[in-house]
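If you want the building blocks of each chain, they are given just below.
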Amino acid sequence: MKQGIVFTGVPSMEELVSSPGFPSKNRLRKGAVAVIECVQEIPCDPCELACPFGAIKVGKPITNLPVLFEDKCRGCGLCIPPCPGLAVFLVDTTFSKDKALVEFPYEYLPLPRVGSEVDAVDREGNVVTKAKVLKVKNPKKYDHTPVVSIAIPKKLAQKVRGIVRKQRA
Amino acid sequence: MLSAEVAVIGAGPAGLSAAIEAAKAGAEVLLIDENAKPGGQLFKQIHKFFGSKAHHAGIRGMDIGNRLLQETKESGVKVWLNSIVWGLFEDKILGVANQEGSKSIQAKKIILASGASENAISFPGWTLPGVIGAGAAQTMINIHRVLPGERVLMVGSGNVGLIVSYQLLQAGAEVVAVVEAAQKIGGYGVHASKIRRAGVSILISHTVKEVKGKDQVEAAIVAGVDKNWNPIPHTEKTFQVDTVCIAAGLRPLAELAWIAGCEFVYLSELGGFVPVHNENMESTVSGIYVAGDIAGVEEASTAMEEGRLAGISVAMEMGYLGKEKAEEIREAVGERLKSLRIGPFGEERQKTKQRILEAWQRR
Amino acid sequence: MRVLHHPVLGKLRKEKVVKITVDGNTLEASEGEPIIAALLANGIRVCRKTKKKGEPRFLFCGIGRCTDCVMIVDGIPNIRTCVTAVREGMRIKTQVGLGEWGSPGC
């Protein structure tokens, strides 16, 4: 089966690593950082305006892939909710000795409960680990794009990008 | 006979934008729509839009719709809802029917913004209750707040198929798979990634072969196809579903342009037969303009810009806007349109829109 | 099934309940919604039957273009249920073929 986002809907590791919004291994080791998984040229630039520290640049034409200036990135996560493609995440590999923190947009009900244990998934929707829900942020300014933070085993920091949706009653 | 300076037919994003521009310039505008509520398909688009700030990027479709409605009210546009334009006669006379009966309206300028309609594809079982257009599913869940079914197979991976799959999940349905007959996914990768994370399979080079059920959909059989769309034997998979959504593209709803005598050109990339128009959105019949999906199926953002172009052009032709001012605004809109028609998804549309301009030259 | 809670659209506003009859059975609908939505909310998935083979037909386009969803409403056939709002006391009948006039739901 051919790899690549146009064949599977999942960006391949090559596509991710070669995109300018993907942080380096070095920067990931230093602490919380945005991970922009935007690999196709689409006219779109809300992420640029979203960053209060000027760490994301799209410029013109607006089909440019967003560039992450990883040294400017403070890991605040404000770039997560405005992305229309839900393609921005936050990863902190320094969360604890053996756990990493992953933040992702989650526009489903029910929202997970803080403190609960959930099934975390990779980009293909496969459950890869259990995770603890640390935070669920859903202020009005996020316009119905809640941001969920979970703690997962550190080695899965570049795999986990979401959780299983619970069946509704 | 009643009269209107500018009659805009269709109150979707293109029609609303056209009406606002013409009315702001001072024209007397009558906006006619056959539905009970204006907004066209905009209020079903509950996702955040792409583009730049000028394109309302990051704002959800229905919120953009509300802004347009507010502007329409403030601009003094007269709106007739539940009114269908059934005829377009010589000298720009419209036949309109509503609760009060049928009337003729003499218009000076007409802007056709009647949008597009979904394509159907046929296969054994396609008439069973439960086989619906993807747009129909979107209308049911986002406007009427009812599920059309609980387990869905989506046929087609363009933006409509991918976005509606996501919205079905948000509404509480299960989407078992998206099948795409072509060799790659048609819509934006990010839309596909969202539903992959949610556990939805995307099968390229597959299409629906047959849908089974006694009185409604009970199962769908999909099969692999090669690059010439020929089914590949022994590749059938059966999905237990109660709903099959067809997202096989849209085509312009251009009957009024046909009966008005507008010239057409066939461009499959833009949905089929498209009325020939120039960069000011004027058709080959003087005084009749087109904007939005009727002028070529694209998206809401381009529909709004084309609506603006038509509205400005009409206002200028009627003397409500000076030529220079009109040119200034048209150039700005033109730039914004260009910026939406770039990149691997947009440049095909840009090339095809260019062919419409070439057809205009040859008319 | 109604979508009572939606992550983007919020909680479904409680609309006035209107009673309609479909093929003689009384159902609850929400004021202002199209007939097809009331059918879906009540688990009904047929609008009409074809004349020759009696095959069931239902919703297809949802916006009043295709006429697959027509039913006899208060004695009038070929009413597009996806763009016609329910009313208190409305009588709806599954249409067979082209239907017949003056035949309200029993």
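Refer to the structure presented above.
Presented here is an overview of the structure given in this document. For clarity, every value in this text was computed on a predicted model and none was experimentally measured.

**Details of the packing of helix 7 (residues 300–317) of chain B against helix 8 (residues 323–340) of chain B**
Residues and elements named next belong to chain B. Viewed as axis vectors pointing N to C, helix 7 and helix 8 meet at an angle of 165°, and their least axial separation amounts to 10 Å. Between helix 7 and helix 8, the interaxial angle falls into the category roughly antiparallel. Two packed elements cross with a definite hand, and for helix 7 against helix 8 that hand is left-handed. On the side of helix 7, the interface is formed by Ser301, Thr302, Glu305, Glu306, Arg308, Leu309, Ile312, Ser313 and Met316, while helix 8 contributes Lys323, Ala326, Ile329, Arg330, Val333, Arg336, Leu337 and Leu340. Within the contact of helix 7 with helix 8, the residues separate by chemical class into eight nonpolar, three polar and six charged.

**Overview of the interface of chain B and chain A**
Many structure descriptions define interface size as the accessible area lost when the parts assemble. The interface is formed by 38 residues belonging to chain B together with 40 residues belonging to chain A. Summing the contributions of chain B and of chain A, the shared interface buries around 3200 Å²; its carbon and sulfur component is 53%. When the buried area of chain B at its contact with chain A is split by residue, Lys48(B), Arg196(B) and Arg197(B) rank highest and sum to 23% of it. In this assembly, chain B and chain A are joined by three salt bridges. Its salt-bridge partner being Arg60(B), residue Glu107(A) comes within 2.9 Å of it at the nearest N-O pair. Here chain B and chain A share 19 residue pairs in polar contact (both at pLDDT 80 or more) between them. If you list the elements that add at least two residues to the side of chain B that touches chain A, you get helix 4 (159–171), helix 5 (189–197), strand 11 (201–204), helix 8 and helix 9 (343–361) of chain B. In terms of residue count, the dominant contributor to the side of chain B that touches chain A is helix 5 of chain B (seven residues). Class assignment for the residues of the side of chain B that touches chain A results in 18 nonpolar, 11 polar and nine charged.

**Observations regarding helix 4 of chain B**
All names here are of chain B. With 13 residues, helix 4 should cover 18 Å at 1.5 Å per step; its first-to-last C-alpha distance of 18 Å lies within 8% of that length. Most of helix 4 is tucked away, with 11 of its 13 residues classed as buried. Among the residues making up helix 4, those that are buried are Gly161, Leu162, Ile163, Val164, Ser165, Tyr166, Gln167, Leu168, Leu169, Gln170 and Ala171. At the exit of helix 4 stands Gly172, carrying a positive phi of roughly 105°.

**Brief notes about the pairing of strand 7 (residues 127–137) of chain A**
All names here are of chain A. The pairing of strand 6 (residues 117–121) with strand 7 spans five bridges and is antiparallel. Bridging from a neighbouring strand, Asp119 pairs with Lys130 of strand 7. Between strand 6 and strand 7, which pair antiparallel one after the other, the connecting turn spans five residues, and Gly125 there sits at a positive phi close to 80°. One ladder, built from five bridges, connects strand 7 with strand 8 (residues 147–153); its direction is antiparallel. Looking at strand 8, one finds that Lys137 is bridged to Val147.

**Considering empty space enclosed by the protein**
Applying the stated criterion across every chain yields a total of eight cavities of 30 Å³ or more. Of the pockets and cavities examined, the largest cavity occupies roughly 150 Å³. Lining the largest cavity are 18 residues; nearest its centre among them are Cys38(A), Cys44(A), Cys47(A), Pro66(A) and Cys83(A). Across the lining of the largest cavity, the residue classes break down as 14 nonpolar, four polar and no charged. Of the pockets and cavities examined, the second largest cavity occupies roughly 120 Å³. Forming the walls of the second largest cavity are 14 residues, and the residues nearest its centre are Pro105(A), Tyr106(A), Tyr108(A), Lys194(B) and Arg197(B).

Conventions used here
Residues numbered from 1 in each chain as written. Chains lettered and ligands numbered in written order. Predicted model: local features only at pLDDT ≥ 70, side-chain atom pairs only at ≥ 80, totals over all residues. Heavy atoms only, no water. Axes fitted to C-alpha atoms, helices over the stretch in contact; angles between N-to-C directions. Helix = DSSP H or I, 4+ residues; strand = E, 2+ residues; numbered from the N terminus. Parallel < 35°, antiparallel > 145°, perpendicular 65-115°, else oblique. Left-handed = near helix turned anticlockwise from the far one by under 90°. Contact = heavy atoms within 4.5 Å. Nonpolar A, V, L, I, M, F, W, Y, C, P; charged D, E, K, R; others polar. Buried area = accessible area lost by both parts, 1.4 Å probe. Salt bridge = Lys/Arg side-chain N within 4 Å of Asp/Glu carboxyl O. Polar contact = N/O pair within 3.5 Å; in protein donor to acceptor, adjacent residues only side chain to side chain. Expected span 1.5 Å × (residues − 1). Buried < 20%, exposed > 50% of the residue type's maximum accessible area, 1.4 Å probe, protein only. Pairing = 2+ DSSP bridges. 1 Å grid on protein atoms, 1.4 Å probe; cavity = no way out; pocket = protein on both sides within 12 Å on 5 of 7 lines; lining within 4 Å. Points joined across faces, edges and corners; volume = space filled by probe spheres on them.

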